[in-house]
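Remarks on the overall topology
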There are 2 protein chains.
Amino acid sequence: MADNTQVKNANGRGGDKPTTMADIARIAGVSTATVSRALANPAVVTAETREKIDRAVADADYRVNTLARNLRKMETRTILVIVPDIANPFFSDIFRGIEEVAHENGFVAVIGNTEVDPEREAAYANMARERRADGLLLLDGKLPAWASGASALGGVPFVMACEYVDGPDICLVRTDNYDAAKLAVAHLAELGHRRIAHIAGPLDRSISQDRMRGYHDGLAEAGLDDDPALIFEGDFGLDSGTAAIPTLMLGKPTAIFTSNDEMAMGAIQGLRAMGLGVPEDVSVVGFDDIRFAGAYNPPLTTVAQPRYEIGRLATEMLMQLLSGHELGQRQRVLNSSLVIRESSAPPAKAGG
Amino acid sequence: MADNTQVKNANGRGGDKPTTMADIARIAGVSTATVSRALANPAVVTAETREKIDRAVADADYRVNTLARNLRKMETRTILVIVPDIANPFFSDIFRGIEEVAHENGFVAVIGNTEVDPEREAAYANMARERRADGLLLLDGKLPAWASGASALGGVPFVMACEYVDGPDICLVRTDNYDAAKLAVAHLAELGHRRIAHIAGPLDRSISQDRMRGYHDGLAEAGLDDDPALIFEGDFGLDSGTAAIPTLMLGKPTAIFTSNDEMAMGAIQGLRAMGLGVPEDVSVVGFDDIRFAGAYNPPLTTVAQPRYEIGRLATEMLMQLLSGHELGQRQRVLNSSLVIRESSAPPAKAGG
DNA sequence: TTACGCGATGCAATCGATTACATATTGCCT
DNA sequence: AGGCAATATGTAATCGATTGCATCGCGTAA
């Protein structure tokens, strides 16, 4: 019961010294240089030598010490993904795409969860400067003072995804939020809605702004009212969707377009609380098509973004940056599409 | 347009050599040892020296090279969190707890997303052996051949959370799945249900087994039928909940207890598809109380686990292991509670 | 046979921070 | 004044893998 932490084995941290490359070299009767080469590129050594080394490695259960390798090569093969809220399913899907490409390239993806806290954002930004990561993937729009003009942040290559700041040199993968929002509004207008409300995300974020612009222009193109009383600024959280309802319903909308699915669900809760049904009394269209959108009651009409693809593409771009290759395009805009389910329907009393 | 990757600054990767501690030492007119000490523990140097060093550091925008430090100290201050599916909100909440404690201790938490793929599991396990991480946090139950007996995995300290394998030396934080499942069944029995079905998780996972046992014993304690036709093995995914319904409803249950919330939602979809309402026709109780459970329609009755706390506790335990401290307890079992919402109600025709 | 070339291997420097040990400086006590 | 302790700093070894350069040996062509 006293020794509570460790088992001992050839490469353990607990007991005797771990096996090093020098040990393998000694056992195999060659130099460390040969061991290193044999491990990195088996083709450059004799079959005989390779065999001796392989056996020694297996016998001693040797693992390379990444710490030493990293120092020598001055790289970590790690990328840092800065995200505002990992619990948000929107981000976790993107992350899967990121992680996959990273893996394919022998990289590891680390998550830096900022909770939109500037202090933590700064801490993570520093991580890269301190060489704990080779590059950065920013899924977080509020890049505080970082907004330099080029795709390197204090010397650290980075790629932005979804959220962005302007700058021609910035590497960026995003979706056509503006067009998608117009699409959503057009869908509601087509159904016959004339008073369409909007629950926006925080307006200091580029995606919220873009979606808002799409909303306005969508309204204009359909020749509908653009009433300031029909706009509410939420925070992308479920509760803010609910909180929006009492105020918003004063303006008598028959449909609501929300800037993400969580707020859509919140809004539906708020409507339920007022005894209003979706879509019978009010239609709701969300944004993101998160994992639960289709399984919601009613299944959510929403804008689907190619999340996985965003993650993959952004990471591939970063890999290019890191390898010093020329980039084909620095900015990629992916298409979203409207997924029509059951939360949207024609208004109860046919809107003129 | 040609130079597409780098800006140059004092510590950049792009241009000239980055600033090292030796540079700072030269500028400040002291030795690297003094710089190192001044940075690690300002109290041990003269105010004067400290000032010179601070100025040099600020002027040159120096950042410590973590790679070198790691090698010398033979640690990474990184823990690897192995999880089966990061997109699952259950895990992302735990991760927030983990990340927070890690941060408090100057550690970084890396996610290893296995997708229950043995190959990836092995890859991540190796990461630790290769010293890319100081310790492991296993949120994944299917620990393949790893099931050694002690809290070190090939020499790497680890703590398990939620899922577990047996062994007195294993460090573990989990919840009382068995009791909680009994609680859920008791709740349904109290409402008057006599035929209660169960959608289980994969039965090779300890939590699924525990919840299943709780279900059986809960049934027994309430003196209810325990009909094999009322049991379905799902995979924790939404779709498997839906898929369970046609089969399960053959047994005419009036209530369903599911082993997680996703399957509960899936089940509700399946019931809807058959024209059945929840809770009017069938009651549903889930497990986990994920972020969207309360905002679902109907709001889900479910078992709430202290996710954040699980993450914190497990990480604190790991920190103890890493610092070589004695552990107070190696196993902690946290309490879950039943959150009663609207997806459960008395059966339509009073069950006699 | 000599020389050249190439493939395989070894030697030793290197990456940059940390730290044990040595040295130097100051002050204090008797 | 002499000696000891405490404090501040410097010197140099160290962590372990990688890699430029040197070397060795063997085969082949002139």
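Residues numbered from 1 in each chain as written. Chains lettered and ligands numbered in written order. Predicted model: local features only at pLDDT ≥ 70, side-chain atom pairs only at ≥ 80, totals over all residues. Heavy atoms only, no water.

On to the sheet that holds strand β7 (residues 196-200) of chain B, then. Residue and element names in this part refer to chain B. Read across the sheet, six strands follow the order β8-β7-β9-β10-β11-β13 without closing on themselves; strand pairing throughout is mixed. In this open sheet, the two strands that pair with only one neighbour each are β8 (231-233) and β13 (337-339). The sheet shows a mean angle of 20 degrees between the axes of neighbouring strands, direction not considered. In terms of strand pairing, strand β11 (residues 301-304) meets β13 through three bridges, oriented antiparallel. Residue pairing across strands places alanine 304 opposite serine 337, the latter belonging to β13. Helix α9 (residues 238-249) contacts β7, β8 and β9 (255-258) of the sheet and is inclined by roughly 145 degrees relative to β8. (Pairing = 2+ DSSP bridges. Helix = DSSP H or I, 4+ residues; strand = E, 2+ residues; numbered from the N terminus. Axes fitted to C-alpha atoms, helices over the stretch in contact; angles between N-to-C directions. Contact = heavy atoms within 4.5 Å.)

What follows covers the pattern of salt bridges. When the charged atoms of two side chains lie near each other, side chains of opposite charge can form a pair. Taken as a whole, this structure holds 42 salt bridges over all chains when the rule is applied. Taking the shortest distance from any N to any O, the salt bridge between lysine 182 of chain A and glutamate 221 of chain A comes out at 2.7 Å. In this pair, lysine 182 of chain A is assigned in helix α7 (residues 177-191) and glutamate 221 of chain A in helix α8 (residues 206-221), connecting sequence segments 39 residues apart. Between arginine 195 of chain B and aspartate 225 of chain B there is a salt bridge, and its shortest N-O distance comes to 3.2 Å. Placement of arginine 195 of chain B in the loop between α7 (177-191) and β7 and of aspartate 225 of chain B in the loop between α8 (206-222) and β8 is noted, with a sequence separation of 30 residues between them. Residue arginine 195 of chain B is classed as partly exposed on the basis of its relative accessible area, which comes to 22%. A network of salt bridges, in which partner residues are shared, links Asp93, Arg96 and Arg307 of chain A together with Glu115 of chain B. (Salt bridge = Lys/Arg side-chain N within 4 Å of Asp/Glu carboxyl O. Buried < 20%, exposed > 50% of the residue type's maximum accessible area, 1.4 Å probe, protein only.)

A few words on the pairing of β9 of chain B. Residues and elements named next belong to chain B. Residues of β9 alternate between two faces, with Ala255 and Phe257 on one and Ile256 and Thr258 on the opposite face, all of them buried. Examined bridge by bridge, β7 and β9 share four bridges and lie parallel to one another. By the bridge assignment, histidine 198 is partnered in β9 with phenylalanine 257. Pairing between β9 and strand β10 (residues 283-288): three bridges, direction parallel. Across the sheet, residue isoleucine 256 finds its bridge partner in β10, namely valine 284.

Along the chain, asparagine 297 of chain A connects to proline 298 of chain A via a cis peptide bond; the corresponding omega equals -5 degrees. Along the chain, the position of proline 298 of chain A falls in the loop between β10 (283-288) and β11 (301-304). The omega torsion of the bond from valine 278 of chain B to proline 279 of chain B falls at 10 degrees, within 30 degrees of zero and hence cis. Tracing the backbone shows proline 279 of chain B in the loop between α10 (261-273) and β10. The phi torsion at phenylalanine 236 of chain A lies on the positive side, around 75 degrees, for a residue other than glycine. Tracing the sequence through the fold places phenylalanine 236 of chain A in the loop between β8 (231-233) and α9 (238-249).

Turning next to empty space enclosed by the protein. Applying the stated criterion across every chain, the model contains three cavities of 30 Å³ or more. Of the volumes computed, that of the largest cavity is approximately 270 Å³. For the lining of the largest cavity, the class distribution of residues is eight nonpolar, eight polar and four charged. (1 Å grid on protein atoms, 1.4 Å probe; cavity = no way out; pocket = protein on both sides within 12 Å on 5 of 7 lines; lining within 4 Å. Points joined across faces, edges and corners; volume = space filled by probe spheres on them. Nonpolar A, V, L, I, M, F, W, Y, C, P; charged D, E, K, R; others polar.)

Let us now look at the state of the cysteines. This model, assessed by the stated rule, comprises zero disulfides over all chains. For the unlinked cysteine cysteine 171 of chain A, the closest cysteine sulfur is that of cysteine 162 of chain A, found at 15 Å. (Disulfide = S-S within 2.5 Å.)

Turning to the protein's contact with DNA strand C, a few remarks are in order. Taken together, 27 residues sit near DNA strand C, with Thr34 and Thr49 of chain A together with Met21, Tyr62 and Arg72 of chain B positioned nearest. Backbone atoms, meaning sugar and phosphate, form 62% of the atoms of DNA strand C found within 4 Å of the protein. Serine 36 of chain B places a polar side-chain atom, nitrogen or oxygen, 2.8 Å from a phosphate oxygen of DNA strand C. At 2.6 Å from a phosphate oxygen of DNA strand C is found a side-chain nitrogen or oxygen belonging to arginine 69 of chain B. When residues of the surface near DNA strand C are traced back to their parent elements, those giving at least two are α2 (32-40) and α4 (66-73) of chain A together with α1 (21-28), α2 (32-40) and α4 (66-73) of chain B. Taken together, the residues that form the surface near DNA strand C break down as 12 nonpolar, nine polar and six charged. (Near = heavy atom within 4 Å. Polar contact = N/O pair within 3.5 Å; in protein donor to acceptor, adjacent residues only side chain to side chain.)

Taken as a whole, the largest pocket encloses approximately 980 Å³ of empty space. Forming the boundary of the largest pocket are 37 residues, of which Tyr62, Val64, Asn65, Thr66 and Arg69 of chain B lie nearest the centre. At the level of elements, α6 (118-129) of chain A together with α2 and α4 of chain B are the ones that each hand at least two residues to the lining of the largest pocket. When residues of the lining of the largest pocket are assigned to their parent elements, the largest contribution, six residues, is made by α4 of chain B. When grouped by side-chain class, the residues that make up the lining of the largest pocket number 15 nonpolar, 11 polar and 11 charged. Quantified by volume, the second largest pocket comes out at close to 760 Å³. Lining the second largest pocket are 27 residues; nearest its centre among them are Met21, Tyr62, Val64, Asn65 and Arg69 of chain A. For the lining of the second largest pocket, the secondary-structure elements that each account for two or more residues are α2 and α4 of chain A. With six residues, α4 of chain A is the single largest residue contributor to the lining of the second largest pocket. In the lining of the second largest pocket, the residues fall into nine nonpolar, eight polar and 10 charged.

None of this, on its own, says anything about what the molecule does.
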